[in-house]
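# Breakdown of the fold
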Amino acid sequence: QYRDTTRVNGLTAGDYGRNLMRRLNDTGPNAWAGATNETEYHPSFVTMINENGRLAGRNYGGPDYEGDPVCQCQDGGAEYQVISANQAGSRFFHLRFGRSSRFANGHVDRTEYTVVITPYRGHWRVWDVVTREGSTRMLLTRHNACLRAAGGAQAIDRCFARAPR
């Protein structure tokens, strides 16, 4: 179901979601997996992700939030579909995605999550990704604050223990 009429650079939120889904499912040169997708994210989201990597790297020797929030993966390999695109307030749209991963043993893992997009400088940009565990922005906000306040490896271990990955 698509209930969106707002157009940004000629695309409705549903159009953008379908384009995003095609990139997520693509295995060619335009594929999402293995690419640098920061231009698809709102700059404030990129800042939060990069700060998390910087803080974790400085204090713990490596990035914490290693997966890609949009594909919910580290290296691709899943199939995606857009379930719905709905306006959420005056500035945001929720793209409900379905993700299916098929394992060698035949097991299929299915999950749904929401990609929150907003217009920014004439383009749709990813503002947040909300999974069963909650908002990625909120997770990064809490975790970055914990990493900033942490002193020593034991305190940092507590930050990592509280932050679902």
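Read on for a plain summary of the structure.

Let us look at the nonpolar core. Counting 29 residues, the largest nonpolar core has Tyr-80, Leu-95, Phe-97, Val-115, Ile-117 and Val-126 as the members making the most contacts within it. For this core, the secondary structure elements donating two or more residues are helix H1 (13-25), helix H2 (43-60), strand S4 (79-88), strand S5 (92-102), strand S6 (108-120), strand S7 (123-131) and helix H3 (136-149). The element best represented in this core is H1, accounting for 5 residues. Each residue touching Leu-95, except ones within four places of it in the same chain, is listed here: Ala-13, Tyr-16, Gly-17, Ser-84, Ala-85, Tyr-113, Thr-114, Val-115 and Ile-117. Counting residues in each nonpolar core, the second largest holds 6 residues, with Leu-55, Ala-56, Cys-146 and Ala-150 among its members.

Bringing the environment of Val-116 into the picture now. Inspection of the secondary structure puts Val-116 in strand S6. Taking relative accessible area as the criterion, Val-116 reaches 6% and is therefore assigned buried. In sequence terms Val-116 and Val-129 are 13 residues apart; their C-alpha atoms lie 5.9 Å from each other. In this view, Val-116 contacts Phe-92, Phe-93, His-94, Arg-125, Val-126, Trp-127, Asp-128 and Val-130; residues no more than four positions away in its chain are not counted.

Cut-offs and rules
Residues numbered from 1 in each chain as written. Predicted model: local features only at pLDDT ≥ 70, side-chain atom pairs only at ≥ 80, totals over all residues. Heavy atoms only, no water. Core = buried A, V, L, I, M, F, W, Y, C linked by side-chain atoms within 4.5 Å. Buried < 20%, exposed > 50% of the residue type's maximum accessible area, 1.4 Å probe, protein only. Helix = DSSP H or I, 4+ residues; strand = E, 2+ residues; numbered from the N terminus. Contact = heavy atoms within 4.5 Å.

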